[in-house]
Amino acid sequence: AFSSLVQRHASLRTKFLKVNGEIKQIICPWSNEFEMEIENVDGFSFNTIKNQIAQLVNNKFKLNENKLFRLKLFKAGNDEFILLFVVHHIIFDGWSFKILCEEISGIYNAAIEAKPYELSELGLNSLSFIESQKRWIHTNDALKQLEYWTKKLSHAPLLRLTFMKKIPIIRTFSGDSINYILDGKLFVNLKQLAKQHNITLFSLMLTSIYLVLKRYSPTDDITIGVPIAGRNGIDIEKIIGLIANTI
């Protein structure tokens, strides 16, 4: 099933090479030599399996390699398996994961039931989308948008919080993330609140972040960058690749 996806999606056959001082995206030709590694870990302790997975996850990718993903199946018992898929963000985004799950499950289930399974044709691949973006960036429409946002954000103040340390001269951009899981009741209440005000749950949560930052900041003008899917056309809805952008 996964072999079919590698053949279908050019991004899964992509590597990056330096050519004449510039980084070039190279799509490798499809071959039937793709194989998934399988390891029997039946009887291994949970920590042993967890450490093996962590090692595969933390190993760095080399962008000039033919595969910028790792796929391995751990057999933990007669009917228990762990499928590990690790991929470099340069060829994959959050939307791509949804496509991957839908297509691989469809292909796999059809194969188990010995039934044909046809995927819709892709209007574009990741490389052709990038080429279209390169052409678009020189159009009047792109230049107008660039001029608008450059002017709009030219006076955006630097966010300063009351508990922030002094910004070092040499910035490292080091940071961290905090994960917080909302309980079921709170999640339902938030959805109801968003519905009452005719806004999306995302807008409600973003507003909450603004309010928290405002509490610790002396300014009302706060700019937050937000990742977006960037899938604004039918041709790119089914492409696996890095299409996401930030606004």
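It should be emphasised that the depicted structure is a prediction, and the values quoted were computed from it without experimental measurement.

Visitor: Looking at this structure, how should I read the nonpolar core?
Guide: Grouped burial of nonpolar side chains is what soluble globular proteins tend to show. Phe2, Leu12, Phe69, Phe85 and Leu100 are the most contacted members of the largest nonpolar core, which totals 24 residues. Sorting elements by how many residues they give to this core places strand 4 (residues 69–77) first, with 4 residues. Apart from residues no more than four positions distant in its own chain, Leu100 is found in contact with Phe2, Leu5, Phe85, Phe92 and Ile240.

Visitor: Just checking my understanding: could you explain the side chain of Ser96 for this structure?
Guide: Within the secondary structure, Ser96 is located in helix 3 (residues 94–112). Looking at Ser96, its side chain comes within polar contact range of the side chain of Asp93, at 2.7 Å. Ser96 has contacts with Arg231, Ile239, Ile240 and Gly241, leaving out every residue within four places of it along the chain.

Visitor: Teacher, can you tell me more about the pattern of salt bridges here?
Guide: Between side chains of opposite charge, pairing is possible as soon as their charged atoms come close. A complete count under the given rule lists 8 salt bridges for this structure. With its nearest N and O atoms 3.2 Å apart, the salt bridge here joins Glu103 to Arg8. Residue Glu103 is located in helix 3, and its partner Arg8 is located in helix 1 (residues 2–8); the two are separated by 95 residues in the primary sequence. Like Arg8, Glu103 is buried. A salt bridge links Arg231 to Asp93, with the shortest nitrogen-to-oxygen separation between them at 3.0 Å. Of the two residues, Arg231 sits in the loop between strand 6 (227–228) and strand 7 (245–246) while Asp93 sits in the loop between strand 5 (80–87) and helix 3, which places them 138 residues apart along the sequence. Several salt bridges converge on common partners, so that one network encompasses Glu37, Glu39 and Lys72.

What counts and how
- The numbers attached to residues start from 1 for each chain and follow its sequence in the written order.
- At least 70 in pLDDT is required for a residue's local features to be given in this predicted model, at least 80 for side-chain atom pairs to be given and counted, and no such filter applies to totals for whole chains, interfaces and linings, which use all residues.
- Derived side-chain values reflect all non-hydrogen atoms in the structure, with water molecules and hydrogen atoms excluded from consideration.
- In these notes, a set of buried Ala, Val, Leu, Ile, Met, Phe, Trp, Tyr and Cys residues joined through side-chain atoms within 4.5 Å is what counts as a nonpolar core.
- Partly exposed describes any residue whose relative accessible area lies between the buried limit of under 20% and the exposed limit of over 50%, with all areas from a 1.4 Å probe on protein chains only and scaled to the type maximum.
- Each helix corresponds to a stretch of at least 4 residues labelled H or I by DSSP, and each strand to a stretch of at least 2 residues labelled E; elements are numbered beginning at the N terminus.
- By definition in these notes, contact holds between two residues if any of their heavy atoms fall within 4.5 Å.
- Pairing of N or O atoms within 3.5 Å defines a polar contact, subject to two protein rules: one partner must be a possible hydrogen donor and the other a possible acceptor, and residues neighboring in sequence count only if both atoms are side-chain atoms.
- Here, a salt bridge means any side-chain nitrogen of Lys or Arg that lies within 4 Å of a carboxyl oxygen of Asp or Glu.

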